[in-house]
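Structure at a glance
Take a look at the letters that make up each chain.
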Amino acid sequence: MKQSILQIVLDTPLDSSFDYRWQASDESEAMPQIGQLVQLSFGRREVVGMIVGISAESDVPAEKLKSVQAVRHQLPPLSKQWLALCRFAADYYQRPLGEVALPGLPKNLRALTTVALDRGLKKLQQAGVPHDATPIDVAQLNPAQQQAADAIAGATGFAPTLLYGVTGSGKTEVYLQAAAQILAHSENGEDNPSQILILVPEINLTPQLEGNIRARFPGVTVATLHSGLAEGERMRHWLAAHLGQARIILGTRLAVLASLPHLKLIVIDEEHDPSYKQQEGLRYSARDLAVWRAHQLGIPIVLGSATPSLETWHHTQSGRYKKLELRERAVRDAVLPQVRRIDMERDKPSEGLTSILVSALKQRLERGEQSLLFLNRRGYAPVIACDACGWVSNCTRCTSFMVLHKPEHRLRCHHCSLELRIPKSCPTCGNVDLQPLGRGTQRLEEGLRAMFPEARVLRIDADSTRRKGSAQAAFDSVHNGEVDILIGTQMVAKGHDFKNLTLVGILNPDTALFSHDYRASERLFAQLMQVAGRAGRAAQKEGGSASEVLIQTRYPQHPLYAAVIAHDYDRFATSLLEERAQACLPPYIYQALLRAEAKELETAIEFLQQAAHCIEHTGITMHDPIPMSMTRVANVDRAQLLIECPSRPGLQAFLTDWMAQLRQIKTRAKWSLEVDPVDI
Ligand SMILES: [Zn+2]
Ligand SMILES: [Zn+2]
């Protein structure tokens, strides 16, 4: 009888693989292969694991070796390259391989029954593979776009490229054109059809992109991968990618770990976007993993942005990445909006709006044009307070305020989701006159409706779009011209192409200017450029308004606003990089953050102190353990320990040794390590 020993990884925090015996069920059963899934019993549970090694013998005594129950032969094995990607991610982010490889697969693949898998495979077989990669209705590209597309499609080997283009410059068209060229090329002769991976920050906010791609390439299978898919769907899309049937794969960060046997090009749209960073479990950067993957496969990768991350910008300065530029808007005669600051000390706002902004809104209403007011704070007011005794609506479980949600008649904590009825009187002194302080989108909406009763006002934020499909319906009504004034949080800043929008008002951006987080100004700049970019995407109409962006600020002299006005990312990025170099911050240093949380802050700090002293650390800077800036969330106290090293390999080597020591420490604190943290 055929038999061998399989090394298997499982989705457990235990940092190793496990030996199991395999014995053919009958003579006809094929030998198992690396990358195949197996079903087995582990402890008392039945689970699905993955084969990562095969050998003739095991160090485990024969009587202790268990046998696998079944090998999933119907699923072609995951490739060696894919396993290498998972192994890299596991090593780099200091997690066990099984915790990377298995959660990277759709849930249904890891189910104990193969019903869903068999059904998925059958469906794909029936669907067949369309073979015509010719795109239809290719937009006419301007010379800069055409040049960029040709350069991307013509690149050979590992070629990381920043596609640096102002908002509205038609970066998507460049990706699609390059994709079309690569698909057409593989059509003409190569053995395997090419696959193209396009990553976007949030697919639910840009459904028109998916529609666009499907319409453009009717002859190829397009797969989408994101967390919003139902399990059955996710499985089918994943299988289509794994089997090589899907030629274009559009997805969010999790798609970077998809199995793509014929991958020939990776595109990362809005590469600076924070949502490429996973913030729990395996805390990976999809952008960084994508670059590694492109390097491993020797293929081109495009990072697109109007406001690239400083890391990427730094790589173009050093010559590691190539830079392609789109300086003009793609629509002829569409120009970048004029950006102006309004000094709120001189023009005192009423209902949150300065008189200059109010008259600009009036003008748009008269001309039948649309306006967008950007206020990145949902709810009615961030806090309610009692004038008489000084009581404020603190959350009892977090270091934060309960936010007033007036339409819902609730106080809500945005961090732990605690909900309370709005108190009728002050809980401390009984004063009935409780005041909302500050302004969120709901209060702005109320004020605008009173100010412009005839205008059609729509608010789009996480509260107004809770129901499935309601965000899409809201955006549709803006596109259909059923809205005069749109109020929105960051949800409206991304990707949308509002054709009739000529005014953007930006309210309250100042808080980020003085944040303790050194990345705050980089993020604010990106956000302002992005939301400003919603204005004037079509050519100015005859008799219509020139597009403009008005920023209400108390700090009009701040250099960040000057850079936004000049649309001058280059200079801004260069000065930020100089600051970072002087302060010895990333990308000039490499960081990791050890976080600990516990019921009592002391437990967390104590663990971090032990962690700091459990190992020699020459060449590593270990900062003091400190409480996180928002210390308590949902009755759990949180603290952190930052470590830094001038060399990436140096940091990696240290982390591996350190993790081994940390696992030995006995503590009641829950802890986790993040490499290249973005929120410190
Ligand atoms: Zn009171
Ligand atoms: Zn709370």
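Preceding block: the structure.
Scope of this entry: the structure provided in the associated data block. As the structure is a computational prediction, the values presented were derived from the model and not from experiment.

Taken as a whole and assessed by the stated rule, the structure comprises 35 salt bridges. In this structure, Glu-351 engages Arg-439 in a salt bridge whose closest nitrogen and oxygen atoms are separated by 3.6 Å. One end of the pair, Glu-351, is in the loop between β13 (338–343) and α10 (355–367); the other, Arg-439, is in the loop between β19 (434–437) and α11 (441–451), with 88 residues separating them in the sequence. A salt bridge links Arg-537 to Asp-497; the nearest nitrogen and oxygen atoms lie 2.8 Å apart. Here Asp-497 lies in the loop between β21 (485–488) and β22 (501–506) and Arg-537 lies in the loop between α13 (520–532) and β23 (548–553), a separation of 40 residues in the sequence. Of the residues examined, Arg-537 reaches a relative accessible area of 14% and is grouped as buried. Overlapping salt bridges bring together Arg-378, Glu-408, Arg-410, Arg-412, Glu-419, Asp-463 and Arg-466 as one network.

What follows is about the coordination of the zinc ion (ligand 2). For a metal with four tetrahedral donors the ideal donor-metal-donor angle is 109.5 degrees, whereas six octahedral donors ideally subtend 90 or 180 degrees. Bound to the zinc ion (ligand 2) are the protein donor atoms Cys-395 (SG), Cys-398 (SG), Cys-413 (SG) and Cys-416 (SG), situated 2.3 Å from the metal. Geometry at the zinc ion (ligand 2) is tetrahedral, judged from its 4 donor atoms and the angles of 104 to 113 degrees they form at the metal. The sequence motif formed by the donor residues of the zinc ion (ligand 2) is C-x2-C-x14-C-x2-C. Here Cys-413 lies in the loop between β17 (410–412) and β18 (419–421) and Cys-395 lies in the loop between β15 (383–386) and β16 (403–405), a separation of 18 residues in the sequence. The exposure classification of Cys-395 matches that of Cys-413, with both residues buried.

The strands making up a sheet associate through hydrogen bonds between their backbones, and the pairing can be parallel or antiparallel. With antiparallel pairing, the 3 strands of this open sheet are ordered in space as β16-β17-β18. Looking at the sheet topology across the chains shown, the edges are occupied by β16 and β18. Shown here is a sheet whose adjacent strand axes are inclined to one another by a mean of 30 degrees, direction ignored. Pairing of β16 with β17, which is carried by 3 bridges, proceeds in the antiparallel orientation. In the strand pairing of β17, His-405 is matched with Arg-410.

Moving on, we get to the coordination of the zinc ion (ligand 1). Looking at the zinc ion (ligand 1), one finds its protein donor set to be Cys-386 (SG), Cys-389 (SG), Cys-426 (SG) and Cys-429 (SG), positioned 2.3 to 2.4 Å from the metal centre. One way to put it: the 4 donor atoms around the zinc ion (ligand 1) meet at angles of 104 to 113 degrees, and that makes the site tetrahedral. Between consecutive donor residues of the zinc ion (ligand 1), the sequence gaps follow C-x2-C-x36-C-x2-C. Of this pair, Cys-389 sits in the loop between β15 and β16 while Cys-426 sits in the loop between β18 and β19, placing them 37 residues apart in sequence. In this structure Cys-426 comes out as buried when scored by relative accessible area, which is 4%.

Time to look at the sheet that holds β23. Pairing in this open sheet of 6 strands is parallel, and the strands run β13-β23-β22-β14-β21-β20 from one edge to the other. Since the sheet does not close on itself, it has two edges, and those belong to β13 and β20 (457–460), each with one partner. Averaged over all pairs of adjacent strands, the angle between their axes in this sheet comes to 20 degrees, without regard to strand direction. One ladder, built from 6 bridges, connects β13 with β23; its direction is parallel. Bridging from a neighbouring strand, Gln-338 pairs with Glu-548 of β23. This element, α11, spans β14 (370–374), β20 and β21 of the sheet and lies at about 175 degrees to β20. Strands β14, β20 and β21 of the sheet are contacted by helix α12 (residues 470–479), whose axis makes an angle of about 145 degrees with β20.

Each value, and the rule that gives it
Residues numbered from 1 in each chain as written. Chains lettered and ligands numbered in written order. Predicted model: local features only at pLDDT ≥ 70, side-chain atom pairs only at ≥ 80, totals over all residues. Heavy atoms only, no water. Salt bridge = Lys/Arg side-chain N within 4 Å of Asp/Glu carboxyl O. Helix = DSSP H or I, 4+ residues; strand = E, 2+ residues; numbered from the N terminus. Buried < 20%, exposed > 50% of the residue type's maximum accessible area, 1.4 Å probe, protein only. Donors = N, O, S within 2.8 Å, 3.2 Å for Na, K, Ca; no water. Tetrahedral: all angles 85-135°; square planar, octahedral: opposite > 155°, others 65-115°. Pairing = 2+ DSSP bridges. Axes fitted to C-alpha atoms, helices over the stretch in contact; angles between N-to-C directions. Contact = heavy atoms within 4.5 Å.

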